[in-house]
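Tertiary structure, described
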Amino acid sequence: MARIASGDMKERLAVYFIMGSQNSERPAADVLKEALDGGVTLFQFREKGQGALKGADKEALARQLQHLCRAYGVPFIVNDDVELALAIDADGVHVGQDDEDARCVREKIGDKILGVSAHNVEEAMAAVDAGADYLGVGPIYPTSSKEDAKEAQGPDVLRRLREAGITIPIVAIGGITAANAKTVVEAGADGVSVISAIASAPSPPTGAAAALAEAVRAARTR
Ligand code: TZP
Ligand code: MG
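The shown structure was predicted, so the numbers you read here are calculated from the model rather than taken from an experiment.

Definitions and limits used
- Residues numbered from 1 in each chain as written.
- Chains lettered and ligands numbered in written order.
- Predicted model: local features only at pLDDT ≥ 70, side-chain atom pairs only at ≥ 80, totals over all residues.
- Heavy atoms only, no water.
- Phe/Tyr/Trp six-rings, centres within 6.5 Å; stacked < 30°, edge-to-face > 60°.
- Helix = DSSP H or I, 4+ residues; strand = E, 2+ residues; numbered from the N terminus.
- Buried < 20%, exposed > 50% of the residue type's maximum accessible area, 1.4 Å probe, protein only.
- Donors = N, O, S within 2.8 Å, 3.2 Å for Na, K, Ca; no water.
- 1 Å grid on protein atoms, 1.4 Å probe; cavity = no way out; pocket = protein on both sides within 12 Å on 5 of 7 lines; lining within 4 Å.
- Points joined across faces, edges and corners; volume = space filled by probe spheres on them.
- Pairing = 2+ DSSP bridges.
- Right-handed = clockwise from strand over helix to strand, strands pointing away.

The next point concerns the packing of aromatic side chains. Following the criterion strictly, the structure yields four aromatic pairs and no others. Note on phenylalanine 17 and phenylalanine 43: the rings are 5.8 Å apart at their centroids and 55° apart in plane angle, and the pair reads as tilted. Linking phenylalanine 17 in strand S1 (residues 15-19) with phenylalanine 43 in strand S2 (residues 42-45), this pair joins segments that are 26 residues apart in sequence. The same class applies to phenylalanine 17 and to phenylalanine 43, which are both buried. Seen in terms of ring centroids, phenylalanine 43 and phenylalanine 76 are 5.9 Å apart; in terms of plane orientation they differ by 40°. Their pairing is tilted. Pair noted here: phenylalanine 43 is in strand S2 and phenylalanine 76 is in strand S3 (residues 76-79), with a separation of 33 residues, a long-range link. Across the pair, phenylalanine 76 and phenylalanine 43 agree in class, each one buried. One aromatic cluster in this structure is built from Phe17, Phe43, Phe45 and Phe76.

Here it is, written out as structure tokens:
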């Protein structure tokens, strides 16, 4: 297997849904299936925070959600947990600045997808050097889905990264909705990454996912 091509990665980032069992009162598999029906293009299993599953329970849920993603042909990315990603043969790993060093993760995962969170030009350049396939940039807007989230930066951070010559795929994160998706794509993001816009949408979240997909599609063709 070769590394994912940049153009394919950009396509995949259109609607990047992130979720763990802590993000919904409903079964995660139900929420994910309905979101996939709406057009989610990439999924990240992020099991962390209060009430998050651990050990065998975490792995069992990961396998269940991975199975669903496979049925839809949607890549399955694991947040932080390289060992879990390797154990279940996930499609990739996403790490933040405080997690395992991106270069070490790249060595361990070979050609799997590597996503790295970046908040500024310096972090973005280091992530590119370390072998990231995409950058997660945010929070763009205020968010209540991440306990230790930094201050919201606004869409200008995306513009600054592009102006500094960062050309790799970028997904915007933090407080993104169908209403502001156009703004972040126009500022330089290839797609949007969301937790609450889908996980906390009225049930079923199929329409919420479809609205995000439509907003990104429309913004890209402008
Ligand atoms: N990283 C930066 S903001 C964030 C993460 C994981 C949470 C995004 O959640 P929401 O609900 O889409 O604002
Ligand atoms: Mg992390």
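The rest of the description comes next.
Those protein atoms acting as donors to the magnesium ion (ligand 2) are Asp80 (OD) and Asp99 (OD), and they sit at 2.2 to 2.5 Å. One end of the pair, aspartate 80, is in the loop between S3 and helix H4 (82-87); the other, aspartate 99, is in the loop between strand S4 (92-95) and helix H5 (102-109), and 19 residues separate them in sequence.

With that settled, consider the layout of surface pockets. A probe matching the size of a water molecule, rolled over the atoms, marks out where space remains unfilled. Estimates place the volume of the largest pocket at around 980 Å³. Contributing to the lining of the largest pocket are 45 residues, with Arg46, Ser145, Lys146, Asp148 and Ile173 lying nearest its centre. Contributions of two or more residues to the lining of the largest pocket are made by S1, strand S5 (113-118), strand S6 (134-137), strand S7 (170-173), strand S8 (191-194) and helix H9 (196-199). It is H9 that provides the largest number of residues to the lining of the largest pocket, a total of three residues.

A word on the pairing of S3. Neither face of S3 is open: one carries Phe76 and Val78, the other Ile77 and Asn79, and all of them are buried. Sheet topology places S2 next to S3; three bridges connect them, and they run parallel. Looking at S3, one finds that glutamine 44 is bridged to isoleucine 77. Since S2 and S3 lie parallel, the crossover through helix H3 (residues 55-72) that links them has a hand, and here it is right-handed. Pairing of S3 with S4 involves three bridges; the strand directions are parallel. By the bridge assignment for S4, isoleucine 77 is matched with glycine 92. In this fold, the crossover linking S3 to S4 by way of H4 has right-handed handedness.

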